[in-house]
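Here are the chains, one letter per residue:
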Protein chains: 2
Amino acid sequence: MKRGIVIDNVRPRTPTGLPAKAVVGRRLRVSADIFRDGHNVLAARAALRVAGSKKWQVTPMTALVNDVWTATLTPTELGLHEFVVEAWTDAFATWRRDTALKANAGEDIELELEEGARLLESRLRRLHRVDREHVRDAISALRDTDRSRSERLDAALSPEVVEPLTELTGADETKSAIYRVWVDRERAAIGAWYELFPRSHGGLLGATERLDAVAAMGFDVVYLPPVHPVGTSFRKGRNNSLVPSADDPGSPWAIGNASGGHTAIEPTLGTFDDFAVFVTHANALHMEVALDFALQCSPDHPWVTEHPEWFHHRPDNSIKYAENPPKKYQDIYPINFWPDAESDRRALWDACKEIVDFWIARGVRIFRVDNPHTKPLTFWEWLITQVHAAHPDIVFLSEAFTRPKMMAKLAEVGFSQSYTYFTWRTHKHEIVEYANELAYGPTADYMRPNFWPTTPDILSGPLRQGHPGVFKQRLVLAATLSPSYGIYSGYELYENEPFSDSNEEFLHSEKYEIKQRDFDRPDSLAPFITRINDARRRHPALCELDNIAFHHTGNDHVLAYSKATTDGSDVVLVVVNVDPDATHEDTLGLDLAALGVGDGEQYEAHDELTGATFVWYGANPYVRLSPEDPAHVLHIRSASA
Amino acid sequence: MKRGIVIDNVRPRTPTGLPAKAVVGRRLRVSADIFRDGHNVLAARAALRVAGSKKWQVTPMTALVNDVWTATLTPTELGLHEFVVEAWTDAFATWRRDTALKANAGEDIELELEEGARLLESRLRRLHRVDREHVRDAISALRDTDRSRSERLDAALSPEVVEPLTELTGADETKSAIYRVWVDRERAAIGAWYELFPRSHGGLLGATERLDAVAAMGFDVVYLPPVHPVGTSFRKGRNNSLVPSADDPGSPWAIGNASGGHTAIEPTLGTFDDFAVFVTHANALHMEVALDFALQCSPDHPWVTEHPEWFHHRPDNSIKYAENPPKKYQDIYPINFWPDAESDRRALWDACKEIVDFWIARGVRIFRVDNPHTKPLTFWEWLITQVHAAHPDIVFLSEAFTRPKMMAKLAEVGFSQSYTYFTWRTHKHEIVEYANELAYGPTADYMRPNFWPTTPDILSGPLRQGHPGVFKQRLVLAATLSPSYGIYSGYELYENEPFSDSNEEFLHSEKYEIKQRDFDRPDSLAPFITRINDARRRHPALCELDNIAFHHTGNDHVLAYSKATTDGSDVVLVVVNVDPDATHEDTLGLDLAALGVGDGEQYEAHDELTGATFVWYGANPYVRLSPEDPAHVLHIRSASA
């Protein structure tokens, strides 16, 4: 039989033991339920290392409420790490606590002093030479009956004795299992994304000209839909029609034609040199390029003839096109990720990985993965692990518009971040519940959100026929709730026309046609977007997710939340009117402690959107927000800060 | 690479893989998150067996919302069982769904019919001979181009084809890990307990005379505090005083004196023959005897001299008494469960188990374990496993008045049921939250509650100086919220005097003195208790926990909840006014579906407490409850039932 401490519920972790996630240089909060029988004092620590390394980073854990212990570690390298939690009974701390209590109650502690001396003696051998002297002195003092008992006890309570003893583990030292955590670079968790279709800018070189404006708005990532040759068989026309006109460009997601597949560039967009120009200019503007990774083929893709075994076949030997009965997608052939022959499977999966490697070699370090939930989880786990082994800096965004458990599982098998249900969370209670789930629920250990107010496929809620104020509202929410967020080109011009009352897609979706836009329109949202992205860059508090605190508001349309850095040096309070149709006012019920504001202290709330500064006092400031200007993004500074 | 379905979050389970709990002959609901990529139809089943047996009980699982699948199994034996969840892609069901959708949309399904024929051919070999004929006929029909396509499709949709195919697992069949579940007898989960101190009845024979009245009240278990010799050293007097009078009997939890320890009977209580008479008479009345198991010793316990190595020692060689600094319990020596020598440890643990075996041999099958959280979890896991190996029918009640995670962990390591925080949950929202946590939270898989309105140590909330109506209220709550509940002798006489304003113990606690009670008092709660226990026996719905549904009430003092059996044959609605000081009325907001009442249907609510029958219509009946008669326990019968 082995003595042991209970160490349960170690976090971060995933449901099946795959690695949780962390970011290099940023805090990794480790926690566990730690307890044992009886009332002895426990001690615990957490240790982190690069997987396979012998060097551990060790930090003491501290007890919060309800037997939950926590420690903060900071990974300093990319890649796979391991951590472990250790706990033991601290006999010396138990003795200190109990003996002090008895001494304070005026009891005879003569026996306790001798117990303390014996306890220190038993530890002597494990101490460093320099500490040993202090402890020997304490032992003598504890037994020095010429001195008062309180003097003798004090000798054992000095920091020179307590500190070295605290570092010694106890006889019942218990270790948790080893947990794995994958450490990404910062962009895996934090970034402002902007999508554009190069063809709407005349191709890659035209799109390159647009980059300065995108960078000026403060974006970190430019995301490109597939740039590959577009199929012609069953090509879709404007508005997803089955009968295209001759000049309709087709959906970029119908990948492949005679000029090539996933490792080719659509000739009308330009050349590999043009692509290099685009990437180089984006990087010069401190932006990265994210490329779409859509594993499906048009009927004209070279794989269809070269590798028919990678597709599903029908009794008449035709290749099965995509369908969602009774809907048919004859312009798309799904890939069969499980061909009958294992060698075919291996060749296919390798070919998929080669696509990623191909674009990595051309400067792409972020992949936005299309519909990952229609491909095997085993495939993604394999692919991402393989890619990360050679390139731990690669970021994979999962377009997981699917059921909640599949969305989380894709994150678990390796995706760096995920599209979310933010698009459909528009009411106050929905937003509070969802943000809290993402920030603090079990999936927070491994799933990172990327909030998009719209996508080319999704125009929902108040943005349908929405006025410019709604576009501000949803942008503020996306950009301040989630460390990663993005918009699609055209958002800044309030594109808001739904396909139909029952269809949540856009009318004239850019998926099926080339868009000509007047980005210089005087009423563009660009200046507002610039202010938001600027605020995100200046406020590290906005770059975290598990620091969000919702505050009480009396009005069901007024949402208030704050984010603060751990050291309290940066605090932002966001107040949003989520009603697109009416002005709302409220006296907030702020949790001042969460804002770093002391009781009775005056504080400043500087609005990053307008430049106005309010001087507030107390927990109940008054706010009034119209649908046209529906948000405050307030930098909070207390008088004492 | 292996194809596979995700099978996550299998329940019931414990956090660390120890067995969950079930009851023989009662439903065991197995659930799991089951999903895969894409849109194919899945199938799943759950299988249960006695650990080590080869015979599995197999049941198909059905999909609820959000990818949660469930099945109900019924263990038929006591002891350790294993269960597993299996899932696979059902290609035939996928074909049926998609082809029917296409046919209904008027599409050409000629290729689909051939696909169906090939699919059936590929399964032929695995079918029973009798089924094979039907399937061969379907294959011919699918290919019979002389017939209409809908006729051909119908041939493959006949039950003779569908049913045998449904039983065949698919190529991607995936099995969960094997999960363990411990199957107890019913009393581990369901029972009404009554505690009595034999010495207050003149000893075991006097207590035997009290049993008829206890049985008449409808109790299932008679629980006895320790019946062992009581120590004399530092004996506690009345009201826990340090100076006892000569005739003070001492606390029965200060176990052991010259006449013996845990395997002896206090001479003033009687003999082993008297104990046998008590047990026999209880059993004749269809009651069981539960005995206290308190692993601690008075300074006079034989172990103190025979096995000083089983105790903690101080530098002056004295044995360490119990303390919670600065409080001292000099009448109690705690046991050192980890003596230095492994042989001593083994001898001690064996001696503890021998106590249990000793009383099992004398007819005890239920042990109420005192303060288990001050003894090692490893010890309990070992002890309960050992006892259960020989006697799977033994029930252990954990007196785990400790922190939430330790309470749950004691259940996890093997305790059959546990005292809870019910004693301190007195407001409506507290009761709702706590009952839902116990019924549906993660601990529900292995922790079973036993609700006690008071204990000799705890008189709290409205029961302090409480009037008789409060005693009714808390009794109804305990007896109808939890399948197991109990009261201490004296509850029926409204004993309500707190030790002091700041101390939640009783004044004149029976722990320290002999109580003379007039159980025949005309105002006794006994008739009310009898009605409650009688309702519990007649209503199987009240014997379950994970069937509780709380209903909306507009009044914060009015609590309404119902319980229904799975088949809907028994439905009970309980309505309680939890305000001890005022009458409250409310129009309830009932969920009629939970009550098995159809829309627009009239239903009867028969009050088991008064015999009155209300005829109700609609979801908003009016109730009015006074503090004196604070509850309805309503048997609900819809007109259609």
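Calculation notes
Residues numbered from 1 in each chain as written. Chains lettered and ligands numbered in written order. Predicted model: local features only at pLDDT ≥ 70, side-chain atom pairs only at ≥ 80, totals over all residues. Heavy atoms only, no water. Pairing = 2+ DSSP bridges. Helix = DSSP H or I, 4+ residues; strand = E, 2+ residues; numbered from the N terminus. Axes fitted to C-alpha atoms, helices over the stretch in contact; angles between N-to-C directions. Phe/Tyr/Trp six-rings, centres within 6.5 Å; stacked < 30°, edge-to-face > 60°. Buried < 20%, exposed > 50% of the residue type's maximum accessible area, 1.4 Å probe, protein only. Lys NZ or Arg CZ within 6 Å of the ring centre and 35° of its normal. Contact = heavy atoms within 4.5 Å. Buried area = accessible area lost by both parts, 1.4 Å probe. Salt bridge = Lys/Arg side-chain N within 4 Å of Asp/Glu carboxyl O. Polar contact = N/O pair within 3.5 Å; in protein donor to acceptor, adjacent residues only side chain to side chain. Nonpolar A, V, L, I, M, F, W, Y, C, P; charged D, E, K, R; others polar. Least-squares fit on C-alpha atoms with pLDDT ≥ 70 in both. Right-handed = clockwise from strand over helix to strand, strands pointing away.

A. Seen up close, the sheet that holds strand β21 (residues 449–451) of chain A. Residue and element names in this part refer to chain A. Ordered in space as β11-β12-β13-β18-β19-β20-β21-β22, the 8 strands form a closed barrel in which the pairing is parallel. Taken over all neighbouring pairs, the strand axes of this sheet differ in orientation by 30 degrees on average, direction set aside. As judged from the 4 bridges shared by strand β13 (residues 288–293) and strand β18 (residues 366–369), these two strands associate in the parallel manner. In the strand pairing of β18, A290 is matched with I366.

B. Representation of the packing of aromatic side chains. A complete count under the given rule lists 74 aromatic pairs over all chains for this structure. Judged by centre distance (5.2 Å) and plane angle (65 degrees), the rings of A:W380 and A:F415 are edge-to-face. One end of the pair, A:W380, is in helix α10 (residues 377–390); the other, A:F415, is in the loop between α11 (404–412) and β20 (417–419), and 35 residues separate them in sequence. Residue classification places A:W380 among the buried positions, given a relative accessible area of 0%. The ring of B:F272 is capped by B:R362, whose NZ or CZ atom sits 5.4 Å from the centre of that ring. Positioned over the ring face of B:F422 is B:R474, at 4.1 Å from the centre of the ring.

C. Region of the structure containing the interface of chain B and chain A. At the junction of the two partners, chain B supplies 50 residues and chain A supplies 50 residues. Carbon and sulfur atoms make up 57% of the area that chain B and chain A hide from each other, which totals about 4500 Å². Looking at the side of chain B facing chain A, the largest losses of area belong to B:M1, B:P315 and B:K405, adding up to 17% of the total buried there. Connecting chain B to chain A are 14 salt bridges. In this structure, the salt-bridge partner of A:K405 is B:D33, at a minimum N-O distance of 2.9 Å. Linking chain B with chain A are 18 residue pairs in polar contact (both at pLDDT 80 or more). Mapped by element, the contributors of at least two residues to the side of chain B that touches chain A are β1 (6–11), β3 (28–35), α1 (91–104), α2 (110–123), α9 (342–360), α10 (377–390) and α11 (404–412) of chain B. Here the residues of the side of chain B that touches chain A are counted per class, giving 18 nonpolar, 7 polar and 25 charged.

D. Structural context of α11(B). Residue and element names in this part refer to chain B. Most of α11 is tucked away, with 8 of its 9 residues classed as buried. The set of residues buried in α11 consists of K405, M406, M407, A408, K409, L410, A411 and E412. Positioned one or two residues after α11, G414 has a phi angle of 145 degrees, which is positive.

E. Molecular detail of the relation of the copies chain B and chain A. Of the transformation superimposing chain B on chain A, the axial component is 0.0 Å and the angular component is 180 degrees, with the fit at an RMSD of 0.1 Å. Such a combination of turn and shift is consistent with a two-fold rotation axis. Identified as the residue of chain B closest to the rotation axis by C-alpha distance is B:P15, at 5.8 Å. When the interface residues of chain B are mapped onto chain A, 100% of them again fall at the interface, so both copies present the same face.

F. Representation of the environment of B:G490. Mapped onto the elements, B:G490 comes out in the loop between β22 (484–488) and α14 (526–538). Residue classification places B:G490 among the buried residues on the basis of a relative accessible area of 2%.

G. Broad picture of the pattern of salt bridges. Across all of its chains, the model carries 109 salt bridges over all chains by this definition. B:E86 is the salt-bridge partner of B:R45, the closest N and O atoms lying 2.9 Å from each other. One end of the pair, B:R45, is in strand β4 (residues 42–50); the other, B:E86, is in strand β8 (residues 79–89), with 41 residues separating them in the sequence. We classify B:R45 as partly exposed; its relative accessible area is 25%. B:E585 is the salt-bridge partner of B:R624, the closest N and O atoms lying 3.8 Å from each other. Residue B:R624 is found in strand β29 (residues 622–625), and its partner B:E585 is found in strand β26 (residues 584–587); the two are separated by 39 residues along the sequence. Owing to a relative accessible area of 44%, B:E585 belongs among the partly exposed residues under this scheme. What you see here is one network of salt bridges that share partners, running through A:K102, A:E112, A:E115, B:R314, B:K320 and B:E323.

H. Local environment of the pairing of strand β11 (residues 191–195) of chain B. Residue and element names in this part refer to chain B. With 5 of 5 residues buried, β11 is to be regarded as a mostly interior element. Bridge analysis of β11 against β22 gives 5 bridges, and the strand direction is parallel. Across the sheet, residue W193 finds its bridge partner in β22, namely G486. In terms of strand pairing, β11 meets strand β12 (residues 221–224) through 3 bridges, oriented parallel. Within β12, the position partnered with Y194 by the bridge is V222. What joins β11 to β12 is helix α6 (residues 204–216), and the crossover it makes is right-handed.

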